[in-house]
Amino acid sequence: MRAALTTLCAIALAPAGAPAQENPGDGPVYRVTFEARIIPTEREARIRWTLGAGSSDVRFLRLRIDPKRQTRFRADGELLVEDDRVEWKPPASGGSLRYAVRIDSTRDEGGYDGRCAQDWALFRGGDLFPTARVRTTVGAKSVSTLRLILPEGWTSVTRYAPAQGSSIDIADPTRKFDRPTGWMLVGKLGVLRERVAGSRVAVGGPVGHGVRRQDILALLRWTLPTLRDILGKLPERIAIVSAGDPMWRGGLSGVGSVFLHADRPLIANDATSPLLHEVFHAATRARSGPDGDWIVEGLAEYYSLELLVRSRTMSRSRHERALAQLEARGRGASLRGADSSGAHTARAVSVLRKIDRELRKRSEDRMSLDDVVARLIEQPDEITVARLRAVCEQVVGEDLGALFASLPRVH
């Protein structure tokens, strides 16, 4: 591999080439540039956060890190590194925070959920740029850009617009401090890009990994219009990234993005879709509260089936058989606990189906679980059993205490 590195800008929600947003609101503005230089020979990324114009509005940044992966911190100004916390007080005139990130990361079940190989790397943006608490003057908001510095011949797929130029704004209207998030794939790639149901979709994988890009795009073309109808709108951009071994053999969602192992079926033998399950997560960005994981996971599994049957990708009779199989699999499973998987998720699908039937019955088929989901994701609040009940009652305008009392115990 040639040692020369070429700069490839990263990507943003704004259209390629869009001018920087000088005044995103009424408060002061400060500029942040995020830079990641990928070093395949070291299996690491060298990171730089640079504060530019408006830096005097930033008092400090506190990062929560993984000290086994994020190391060698240096900075202009004051820097404190203690266990899994980093505090940076930048100079009023601006400056940079620098550190290294080991890209490789394994899951307890085996396989990588972050990997840097000779010709490609796959990781979450949050692994390179971790969550940060930023103290600023009142009302200050960042104008952020991202640059990926990659080996010559490499390209990228992320949830942002394709790179054109040296840098592009990152815009997240829900945050005052914008940082890069979602799954990112860089390297020698095969990529398909297409607009589907109003959303710009990118599907990519390393060359030679057998990623079924055309199949993935075809399934999304059949089903995303239905998902848009349910949710009201889709993310402006959705990225699907994939790779084969030694990546973890499953699917994982991120903000506006999904990772799916190249060998995972798009539709499994039980007729659920691992791809659509994760796409539902990515599109809704739903977060579970202490007793709500079964709701979030159950909705993703329930709608992976609904998207298939409503788009006529699956017949009604096969859909009914799939639901019956899930009911049998989940029979007797508890919905207690913080994590939902396997039989718990199967049981959750049956419970949500029961709720849907009751909503349709009480509203004379005018309301359904679709209306509940649309309202749940309007607000970023955590999803809990209490919130689910409250929204269901808002939808039908009736007390549903008896219905929820009849559900399996979840506390």
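Structure: see above.
Residues numbered from 1 in each chain as written. Predicted model: local features only at pLDDT ≥ 70, side-chain atom pairs only at ≥ 80, totals over all residues. Heavy atoms only, no water.

Trainee: What am I meant to see in the nonpolar core here?
Mentor: Taken as a class, soluble globular proteins show a tendency for nonpolar side chains to be buried jointly. If you look at the biggest cluster of nonpolar residues, it comprises 64 residues, and the most contacted ones within it are Leu224 and Ile355. Top contributing element to this core by residue count: helix 4 (residues 293-310), with ten residues. Excluding residues that lie within four positions of it along the chain, Leu224 makes contacts with Val196, Ala197, Val201, Leu234, Ile238 and Val279. The next biggest cluster of nonpolar side chains, apart from the first, holds 36 residues, and it includes Ile47, Leu51, Trp88 and Phe123. (Core = buried A, V, L, I, M, F, W, Y, C linked by side-chain atoms within 4.5 Å. Buried < 20%, exposed > 50% of the residue type's maximum accessible area, 1.4 Å probe, protein only. Helix = DSSP H or I, 4+ residues; strand = E, 2+ residues; numbered from the N terminus. Contact = heavy atoms within 4.5 Å.)

Trainee: Teacher, can you tell me more about the pattern of salt bridges here?
Mentor: Oppositely charged side chains are able to pair whenever their charged atoms sit close together. Across all of its chains, the model carries 30 salt bridges by this definition. For the salt bridge of Asp84 with Arg64, the shortest nitrogen-to-oxygen distance reads 3.9 Å. A residue pair is termed long-range when its members are at least 10 positions apart, and Asp84 in the loop between strand 6 (78-82) and strand 7 (85-89) and Arg64 in strand 4 (residues 58-64) qualify at 20 residues. Note that Arg69 and Asp127 form a salt bridge whose closest N and O atoms lie 3.6 Å from each other. Note that Arg69 is positioned in the loop between strand 4 and strand 5 (70-75) and Asp127 in helix 1 (residues 125-128), a separation of 58 residues in sequence. According to the relative accessible area criterion, Arg69 is buried, its value standing at 10%. Because the salt bridges share partners, they merge into one network encompassing Arg107, Glu109, Asp113 and Arg124. (Salt bridge = Lys/Arg side-chain N within 4 Å of Asp/Glu carboxyl O.)

Trainee: What should I look at first to understand unusual backbone geometry in this one?
Mentor: Of all residues except glycine, most have a negative phi; of all peptide bonds, most are trans. Between Asp245 and the following residue, Pro246, the backbone shows a cis peptide bond with an omega angle of 10°. Assignment of secondary structure puts Pro246 in the loop between strand 19 (237-243) and strand 20 (251-254). At Arg43, a residue that is not glycine, the phi angle is positive and equals roughly 55°. Along the chain, Arg43 falls in the loop between strand 2 (29-39) and strand 3 (44-51). Looking at Arg43, the relative accessible area reads 38%, which means it is partly exposed. Its identity as a non-glycine residue notwithstanding, Arg312 has a phi of 65°, on the positive side.

Trainee: Sorry, what's going on with the packing of helix 5 (residues 316-330) against helix 6 (residues 343-362) here?
Mentor: Between two packed helices, both the angle of their axes relative to each other and the distance between the axes serve to describe the pair. Direction vectors running N to C along helix 5 and helix 6 enclose 120°, while the axes themselves pass 7 Å from each other. What the angle tells us is that helix 5 and helix 6 run oblique. Note on packing geometry: the crossing formed by helix 5 with helix 6 is left-handed. Where helix 5 abuts helix 6, its residues Glu320, Leu323, Leu326, Glu327, Arg329 and Gly330 lie against Ala343, Ala346, Arg347, Val349, Ser350 and Arg353. (Axes fitted to C-alpha atoms, helices over the stretch in contact; angles between N-to-C directions. Parallel < 35°, antiparallel > 145°, perpendicular 65-115°, else oblique. Left-handed = near helix turned anticlockwise from the far one by under 90°.)

Trainee: Could you clarify how one ought to interpret the sheet that holds strand 12 (residues 132-136) in this entry?
Mentor: The pairing of strands in a sheet comes from backbone hydrogen bonds and takes either a parallel or an antiparallel form. Read from one edge to the other, the open sheet built from four strands follows the order 6-7-4-12, with strand pairing classed as antiparallel. The open sheet has two edge strands, strand 6 and strand 12, and neither has a second partner. Across the sheet, the axes of successive neighbouring strands diverge by a mean angle of 10°, strand direction being ignored. Bridge count for strand 4 against strand 12 is five bridges, and the pairing is antiparallel. Across the sheet, Arg62 pairs through a bridge with Arg133, a residue of strand 12. (Pairing = 2+ DSSP bridges.)

Trainee: How should I be thinking about the packing of aromatic side chains in this particular structure?
Mentor: To describe a pair of aromatic rings, you give the distance between the ring centres and the angle between the ring planes. A full pass over the atoms with the stated rule returns nine aromatic pairs. Summarising the aromatic geometry, the rings of Trp49 and Phe177 are spaced 6.2 Å apart at their centres and angled 25° between planes, so their arrangement reads as stacked. Here Phe177 lies in the loop between strand 15 (168-170) and strand 16 (183-187) and Trp49 lies in strand 3, a separation of 128 residues in the sequence. Accessibility expressed as a relative area gives 1% for Trp49, which makes it buried. Phe177 gets classed as buried once you look at its relative accessible area, which sits at 11%. For the ring pair Tyr302 and Tyr303, a centre distance of 5.0 Å and an interplane angle of 80° mean the geometry is edge-to-face. For Tyr302, a relative accessible area of 4% corresponds to the buried category. Residue placement shows Arg107 over the ring face of Trp248; its charged tip is 4.5 Å from the ring centre. (Phe/Tyr/Trp six-rings, centres within 6.5 Å; stacked < 30°, edge-to-face > 60°. Lys NZ or Arg CZ within 6 Å of the ring centre and 35° of its normal.)

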